[in-house]
Amino acid sequence: TEWRIREALEAFEEALDIDPDDLESIVHAGIAKYRLGDVEAAIGMGQRALEIDPEHVPALMLLGRAKWKANRLADSERALVDAVDLGKGNPEPMCYLANTHIDQGRFDDAKKLLDPVIAKSPNHAFSQLTMARLHDAEKSPLRDPAAAEQLFREAVRISPRNAEYHRMLAEFLGKLAAKKIN
């Protein structure tokens, strides 16, 4: 799939040669760069898009995701809080913000974001996966490996063609098996 992402990136860059202020092309080029591992370039694309439209939710999500990946959690949180506020109930920015809270050790804040998302959209795979991370986090007072396993499996059931979800389930199961062996 990497070659397809590179091909898409080239097409978005060509679109930007024609119209350098096309928000959708900027954001999608940033997402492609993020997926290819160029997090700093993705951050730059998110910032560029926000210079054009400071309330563009996909740009805020890109910036938040990329800064999260770069372990700049406070910066990630600022962008994602704005995306949640402007996103009018969109579960995606809520899940990204919950992931940031999990990584900051703010487990109750993550749960407060995720509970209403799952209640409203029980078939939203990313929210199931994020809740699984919350139940799998080492220092979480909500740590519950059985619940985490069930949530990882639910995310895979909802989104069976998502390789990343399958990989995360496999890593979780491998970690459980290693603990049982030791």
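Computed from a prediction, not measured in an experiment: that's the story for all the values here.

Caption draft 1: Region of interest: helix H5 (residues 73-86). In this model H5 runs 20 Å from its N-terminal to its C-terminal C-alpha over 14 residues, within 8% of the 20 Å that 1.5 Å per residue would give. For H5, every residue scored as buried is listed here: Leu-73, Ser-76, Glu-77, Ala-79, Leu-80, Ala-83 and Val-84. In the core, the buried residues of H5 are packed alongside helix H4 (57-69) and helix H6 (91-104).

Caption draft 2: Highlighting the packing of H4 against H5. Contact geometry of H4 with H5 gives a least axis separation of 8 Å together with a crossing angle of 155°. Between H4 and H5, the angle falls in the class roughly antiparallel. Classified by chirality, the crossing of H5 by H4 is left-handed. From H4, Val-57, Leu-60, Met-61, Leu-63, Gly-64, Lys-67 and Trp-68 reach across to H5, where they touch Leu-73, Asp-75, Ser-76, Ala-79, Leu-80, Asp-82, Ala-83 and Leu-86. Here the residues of the contact of H4 with H5 sort into 10 nonpolar, two polar and three charged.

Caption draft 3: View of the side chain of His-56. Its location among the elements puts His-56 in the loop between helix H3 (39-52) and H4. When sequence neighbours within four positions are dropped, the list of residues in contact with His-56 reads Leu-23, Glu-24, Val-27 and Leu-50.

Caption draft 4: A look at the nonpolar core. Counting 55 residues, the largest nonpolar core has Leu-129, Leu-134, Phe-152 and Tyr-165 as its most contacted members. Those residues in contact with Leu-129 that lie beyond four places of it in its chain are Phe-152, Ala-155, Tyr-165 and Met-168.

Caption draft 5: Spatial organisation of the packing of aromatic side chains. Scanning the entire structure with this criterion turns up two aromatic pairs. Residue placement shows Arg-65 over the ring face of Tyr-34; its charged tip is 5.0 Å from the ring centre.

Caption draft 6: Just the environment of Ser-25, in detail. Looking at where Ser-25 falls in the secondary structure, it is placed in helix H2 (residues 23-35). Residues Ser-25 and Lys-69, 44 residues apart in the sequence, show an inter-C-alpha distance of 21 Å. Leave out the neighbours within four places in its chain, and Ser-25 touches Phe-12, Ala-15 and Leu-16.

What counts, and where the lines are drawn
- Residues numbered from 1 in each chain as written.
- Predicted model: local features only at pLDDT ≥ 70, side-chain atom pairs only at ≥ 80, totals over all residues.
- Heavy atoms only, no water.
- Helix = DSSP H or I, 4+ residues; strand = E, 2+ residues; numbered from the N terminus.
- Expected span 1.5 Å × (residues − 1).
- Buried < 20%, exposed > 50% of the residue type's maximum accessible area, 1.4 Å probe, protein only.
- Contact = heavy atoms within 4.5 Å.
- Axes fitted to C-alpha atoms, helices over the stretch in contact; angles between N-to-C directions.
- Parallel < 35°, antiparallel > 145°, perpendicular 65-115°, else oblique.
- Left-handed = near helix turned anticlockwise from the far one by under 90°.
- Nonpolar A, V, L, I, M, F, W, Y, C, P; charged D, E, K, R; others polar.
- Core = buried A, V, L, I, M, F, W, Y, C linked by side-chain atoms within 4.5 Å.
- Phe/Tyr/Trp six-rings, centres within 6.5 Å; stacked < 30°, edge-to-face > 60°.
- Lys NZ or Arg CZ within 6 Å of the ring centre and 35° of its normal.

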